[in-house]
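# Examination of the molecular architecture
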Amino acid sequence: MAEYVAPLRDMRFVLEHVVGLEELAKLEGFEHADPESVFGVLEEFGRLMSEVWSPTNPVGDAAGSTLVDGVVHTPPGFAEAYARYVEAGWPAVPFDPAYDGGGFPWLVGIVLQEMLNSANMALAMAPLLTQGAIDALVHHGTEEQRERYLKKMVTGEWTGTMNLTEADAGSDVGALRTRAVRQDDGTYRITGQKVFITFGDHDLADNILHLVLARTPDAPPGTKGISCFVVPKFLVGDDGALGERNDVVVLSIEHKMGIKASPTCVLEYGGRSQGAVGYLVGEEHAGMSAMFTMMNNARLGVGVEGLGLAERAYQRAAEFAGERTQGRAPGAAAGQRSPIVEHPDVRRMLLTMRACTEAMRALCYYQASQIDLAARHPDAAARTTAGARAALLTPLVKSWCTDLAETVTSLGIQVHGGMGYITDTGVDQHYRDAKITQIYEGTNGIQAMDLVGRKVPMRGGAVVGDLLADVRSTVEELAGAGDAFGPMHRELAVAVDSVEQATAWLMERGLADPVDALAAATPYQRLLATTVGGWMMARSALAAGRLLAAGTDGDDDLAGLLEAKVITARFFADHLLPEVRGLLPAVTAGGADVMALTAAQLARP
Amino acid sequence: MNVVVCVKQIPDPADPGALEEDHTLKRTGKLILDESDSFGVEMALQLVDKAGGGDVTLVSMAPNDETSGLRTALAMGAAKAVLVSDPALAGAGALDTAKVLAAAIGRVEGADLILAATESSDGYTGTVPEQIAGVLDLPSITFAKHVEVADGTVSVQRQTELGYDQCESPLPAVVSVTAGVVEPRYPSFKGIMAAKSKPVDQVTVADLGIDASAVGAAGAGQQIVEVTPAPERQAGEIIEDDGEAHLKIIDFLDGLKVL
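Here the structure is a predicted model, which is why all the values come from computation and not from measurement. (Residues numbered from 1 in each chain as written. Chains lettered and ligands numbered in written order. Predicted model: local features only at pLDDT ≥ 70, side-chain atom pairs only at ≥ 80, totals over all residues. Heavy atoms only, no water.)

## Comments concerning the overall build of chain B
The criterion, for reference: Each helix corresponds to a stretch of at least 4 residues labelled H or I by DSSP, and each strand to a stretch of at least 2 residues labelled E; elements are numbered beginning at the N terminus. Contacts are assigned to residue pairs with any non-hydrogen atoms lying within 4.5 Å of each other. In short, Shrake-Rupley with a 1.4 Å probe defines the accessible areas, and a residue's cover is counted only from the protein chains shown. Neither His nor the chain termini are counted; the positive set is Lys and Arg, and the negative set is Asp and Glu. A charge is said to be at NZ when it belongs to Lys, at CZ for Arg, at CG for Asp and at CD for Glu.
Scanning chain B from N- to C-terminus turns up seven helices and 11 strands. Each principal axis of the C-alpha atoms in chain B carries an extent, and together these give about 70 × 50 × 40 Å. Summarising the internal contacts of chain B: among those between residues at least 6 apart in sequence, 71% fall at separations of at least 24. Carbon and sulfur atoms form 51% of the exposed surface of chain B, whose accessible area is close to 14000 Å². Here chain B contributes 18 positive and 39 negative side-chain charges, whose respective centroids are spaced 7 Å apart.

Below you can see the structure in the form of structure tokens.
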């Protein structure tokens, strides 16, 4: 098996021709992120991922993290791989130079995240969670807290965690019971138990900053009574030196079907004292806004996990299909055995994997570019528009990229045939790793509720309306682009019509009966996301077509890439986008039958 | 202490190589740092670091003003580079290369030590470092696996079939470094960004005072007449184990003179 190779050519194509890296680099503060510098960075980072991170992935799956005498040990090679990443300064790339960050666009950080996830998703979760903690402190922390904690997290010397879930408070985070009691010196004492804490303890870094949601004694019930605290594993002195060990204890780590190397901890706060020492982040009872800051970036991050796994699964399936010989493909000489890549049904699987992965990549990078525009565009109205677009796309990116990752990694096993089911090949790891991405950071069902309940109604439906208008202008462009783009024109037009009808139905019926809206939420989310995916593929194909028309100057490699972009997009339009035709009736079927059986009937075999 | 490292920028070995009509390797696309040179760069950085001061300077000869491979070595930590790029150098042989690199080294002030790989990964002539030493009239030590510098002397463990020779030479000297003897660092994010603005002195053969008609295809005194593909690897011998297979394995290894 070959190690992961960063798909630099496709990454570069999407950055340059689909999401406008050059335009982003003109924004204030991003001047040094010119395309040539960015590609230099991606190339070297890709090499580190191939040579250092990728070989640790199967090792981590086999060994898992272990808990010995209350201390978590990561699998062999993980600490070294993480150290290489930190020593070279990579964690800092997309953060604010004020905190020793590299000042690069979030977009570039997302490309690096894709590579981290392709190389070793379980290990990539340490930096992902640290990013969430950094965001929370940047937006809600005091200057003193930022000074004390941020720089070490930006460099990756310390890591961060997000402590939301408790045994009885998962999707319903408002039910959490961890207590925080204010002391005379302004600090708080935290007591309670948190579960599912990713990298809650480990041997990669000297300190861990836990961001913890808890309730003060006088807090109102539900989400309005939640406050956010930073609880260091080791207390940090005024001089930055590490002091006393805080009362945060790992009670156990979970045994999981995938991401086995990522330690998922049960953490007990203050169980052996008057409480762990914590410091309030933001205002009391305003913890949910800090949580949402962490969650929005994390949700894009999870979508990118799906993208990274899909890419890795595709690379392995494509390699295997070229080597494995079985049967005689149409057109092969009599008596000759063909590599399975020559069989049309194997081709169909590989193209499905490739088309889905390319669509996910374009969507994730597009979403990241909107986040950058929302933060940096000089025009306030443009910032608002980009921010609204990013908010709308967040549930789509999270749910669609992870649902597709499940499909693509499953196809990755299928291409391997019986060999794929034998764990020796290791392709099952990607499938097992992918499953969790549909569940955490808000299940994909929760994403669908967020979409129909909060995002579609934004500005009375105008945010989704603006998106559809953009898709329609691409439909018009496709009409004049020639025969090669015919299927894209036909299917994207059907898709955007379907979304429009579904949205109108949803806005009307959702207001009348929330059961109808919630029953329709998941097929609607799939319908809109598939349409946006088709839009991304069409934009890629149009850009590739323009470049081909302008001539590639004898660069056969580039011409091959561009032709493949057009063909893959056409495959997406012909074979995958038509799914929307079946989704519209599922959306508008209403919720009556979904709820018609009683719970007792459902429970009876 | 100042160290000069000769580095070659070559077509990516991961891509299928192509030949020009005159049978030379096609070098029109992007060129990368020859992996065998990354060991010399790493060793130079370590030596300068240990000496507590000085610079690592790269010298390279490449077509089309190519700097991609140099940027990689600059991102690792080299301070500056001299690049000789001139159409007159197309078709240059090993001795031409040595003359050009020797002249380029002459542009670097105060070079105490000159490092090079034992051979490049695309040409494999394995003679350029010694020729540079000859042209510059400097001592030459080959196949270094470990290098130390103290008091104007370089001490080298020189790899041999049986172990190593301990060699010493006064500085300046030319030392060729065996692949794999140090672990080349990965360029850091800051290193990559800093490399963009590090100086690359781009010169032609005329700038070096070399007669263009004496180098390259014109002056190489050699011509590639024919290129044939390497023979396909022969199928191995399969021995059925009839209980005596181990003896045949011993005979086979004995035939190779490895026992």
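## Quick word on the overall build of chain A
Using the following cut-off: Each radius of gyration reported is based on C-alpha atoms, and the globular scaling rule is 2.2 Å times the count of residues to the power 0.38. Accessibility here uses a 1.4 Å probe with only protein chains present; expressed as a share of the type maximum, an area under 20% marks a residue as buried, one over 50% as exposed, and anything in between as partly exposed.
Within chain A, the secondary structure is distributed over 20 helices and 12 strands. Relative to the 2.2 N^0.38 estimate, which gives 25 Å for 605 residues, the radius of gyration of chain A is 24 Å and therefore close to what a compact globule would have. If one aligns the C-alpha atoms of chain A with their principal axes, the spans along those axes are about 80 × 60 × 55 Å. Among the 605 residues that make up chain A, the fraction classed as buried is 57%.

## Brief notes about the domain arrangement of chain A
The test is simple: An automatic or database domain assignment supplies the residue ranges for each domain.
What the domain assignment lists for chain A is domain 1 (159-287) and domain 2 (457-596). Centre-to-centre separation of domain 1 of chain A and domain 2 of chain A, based on C-alpha positions: 42 Å.

## Re helix 18 (residues 579-588) of chain A
Residue and element names in this part refer to chain A. Note the threshold: Taking the helix axis as origin, the arc is that swept by the directions to the C-beta atoms.
Along helix 18, the residues that are buried comprise Val580, Leu583, Leu584 and Val587. Angular distribution of buried residues about the axis of helix 18 spans 110°; they occupy a single face of the element. Where helix 18 is buried, its residues touch helix 15 (486-512) and helix 16 (514-550). Remark: Gly590 follows helix 18 within two positions and exhibits a positive phi of approximately 85°.

## A short note on the sheet that holds strand 6 (residues 113-117) of chain B
All names here are of chain B. Definition in use: When DSSP locates at least two bridges between a pair of strands, those strands are taken to pair. Each axis is a line fitted through C-alpha atoms, taken for helices only over the stretch in contact, and angles between the N-to-C directions span 0 to 180 degrees.
Strand order in the open sheet made by the nine strands is 9-8-7-10-6-1-4-5-11, with mixed pairing throughout. Each end of this open sheet is capped by a strand with a single partner; those strands are strand 9 (164-170) and strand 11 (200-203). Recorded for the sheet is a direction-independent mean angle of 30° between the axes of neighbouring strands. The sheet contact formed by strand 8 (residues 153-159) and strand 9 spans seven bridges and is antiparallel.

## Describing the interface of chain A and chain B
Which entries qualify depends on this criterion: Simply put, the buried area is the total loss of 1.4 Å probe accessible area from both parts when two parts are fitted together. We define a salt bridge as a side-chain nitrogen of Lys or Arg found within 4 Å of a carboxyl oxygen belonging to Asp or Glu. Polar contact is defined as a pair of N or O atoms within 3.5 Å, subject to the rule that within protein one atom must be able to donate a hydrogen and the other to accept it, and that residues adjacent in sequence are counted only when both atoms are side-chain atoms.
If you look at the interface, chain A gives 18 residues, while chain B gives 10 residues. Considering only the side of chain A, the residues that lose the most area to chain B are Glu44, Arg84 and Ala88 of chain A, jointly responsible for 32% of the buried surface there. Taken together, the links from chain A to chain B amount to three salt bridges. With its nearest N and O atoms 2.6 Å apart, the salt bridge here joins Glu183 of chain B to Arg84 of chain A. Viewed at the interface, chain B and chain A are joined by seven residue pairs in polar contact (both at pLDDT 80 or more).

## Here we look at empty space enclosed by the protein
All names here are of chain A. Threshold: We place a 1 Å grid over just the protein atoms. Points where a 1.4 Å probe fits but has no way out form a cavity, open points with protein on both sides within 12 Å along at least 5 of 7 lines form a pocket, and any residue with an atom within 4 Å of a point lines it. Grid points are joined across faces, edges and corners, and a volume is the space filled by probe spheres set on the points. In the scheme used here, Gly and all other residues not listed as nonpolar or charged are polar, with Ala, Val, Leu, Ile, Met, Phe, Trp, Tyr, Cys and Pro taken as nonpolar and Asp, Glu, Lys and Arg as charged.
Taken as a whole and judged by the stated rule, the model has six cavities of 30 Å³ or more. One number sums up the size of the largest cavity: a volume of about 160 Å³. Put simply, the parts of the chain that give the lining of the largest cavity at least two residues each are helix 5 (78-87), helix 6 (106-140) and helix 7 (143-154). Among the elements that take part in the lining of the largest cavity, helix 6 stands out by supplying eight residues, more than any other. Tallied by class, the residues present in the lining of the largest cavity amount to 15 nonpolar, five polar and no charged.

## Regarding the packing of aromatic side chains
Rules: By convention, a stacked pair of Phe, Tyr or Trp rings (six-membered ring in the case of Trp) has centres within 6.5 Å and planes under 30 degrees apart, an edge-to-face pair has planes over 60 apart, and any other such pair is tilted.
Enumeration according to the criterion identifies nine aromatic pairs over all chains in this entry. Look at Phe95 of chain A and Trp106 of chain A: their rings are 5.8 Å apart centre to centre, the planes differ by 70°, and that puts the pair in the edge-to-face class. Linking Phe95 of chain A in the loop between helix 5 and helix 6 with Trp106 of chain A in helix 6, this pair joins segments that are 11 residues apart in sequence. Just as Phe95 of chain A is buried, Trp106 of chain A falls in that class too. Taking the centre distance of 5.3 Å and the plane angle of 80° together, the rings of Phe104 of chain A and Phe189 of chain B count as edge-to-face.

## Observations regarding a negative patch on the surface
So the rule is basically this: A patch is a set of surface residues, each over 30% in relative accessible area and not in a salt bridge, joined within 9 Å for like charges and within 5 Å for the nonpolar side chains Val, Leu, Ile, Met, Phe, Trp and Tyr.
Negative charge collects at one region of the surface, where Glu240, Asp241, Asp242 and Glu244 of chain B lie side by side. Within the fold, Asp242 of chain B resides in the loop between helix 6 (216-219) and helix 7 (245-255).

## Observations concerning the packing of helix 10 (residues 380-416) of chain A against helix 12 (residues 428-435) of chain A
All names here are of chain A. Quick reminder of the rule: By definition in this entry, angles of less than 35 degrees are roughly parallel, angles greater than 145 are roughly antiparallel, angles of 65 to 115 are roughly perpendicular, and the rest are oblique. We call a crossing left-handed when the near helix sits turned anticlockwise from the far one by less than a right angle, and right-handed when that turn is clockwise.
Where helix 10 contacts helix 12, the two axes come as close as 8 Å, and the packing angle between them is 165°. Considering their axes alone, helix 10 and helix 12 lie roughly antiparallel with respect to each other. Seen along the crossing, helix 10 lies across helix 12 with a hand that is left-handed. Residues Ala405, Glu406, Thr409, Ser410 and Ile413 of helix 10 lie in contact with helix 12, whose contacting residues are Asp428, His430, Tyr431, Ala434 and Lys435. For the contact of helix 10 with helix 12, the class distribution of residues is four nonpolar, three polar and three charged.

## Digging into the pattern of salt bridges
Residues and elements named next belong to chain A. For the coordinates displayed, the defined rule picks out 45 salt bridges over all chains. Measuring nitrogen to oxygen at the nearest pair gives 3.0 Å for the salt bridge that ties Glu358 to Lys565. Placement of Glu358 in helix 9 (residues 344-376) and of Lys565 in helix 17 (residues 556-576) is noted, with a sequence separation of 207 residues between them. For Glu358, a relative accessible area of 6% translates into the label buried. Lys435 is the partner of Glu406 in a salt bridge, and the nearest nitrogen-oxygen pair spans 3.8 Å. Of this pair, Glu406 sits in helix 10 while Lys435 is found in helix 12, placing the two residues 29 residues apart along the sequence. Given the relative accessible area of 28%, Lys435 is considered partly exposed.

## Digging into the side chain of Ser169 of chain B
Looking at where Ser169 of chain B falls in the secondary structure, it is placed in strand 9. When near neighbours in sequence (up to four residues on either side) are disregarded, Ser169 of chain B contacts Pro139, Ile141, Gly152, Thr153 and Val154 of chain B.

## Description of the pairing of strand 3 (residues 158-163) of chain A
All names here are of chain A. Within strand 3, six of the six residues are buried, leaving the element largely enclosed by the surrounding structure. Neither face of strand 3 is exposed, since Trp158, Gly160 and Met162 on one face and Thr159, Thr161 and Asn163 on the opposite face are all buried. Pairing of strand 3 with strand 6 (residues 207-215) involves six bridges; the strand directions are parallel. Opposite Thr159, over in strand 6, you have Ile208 as the bridge partner.

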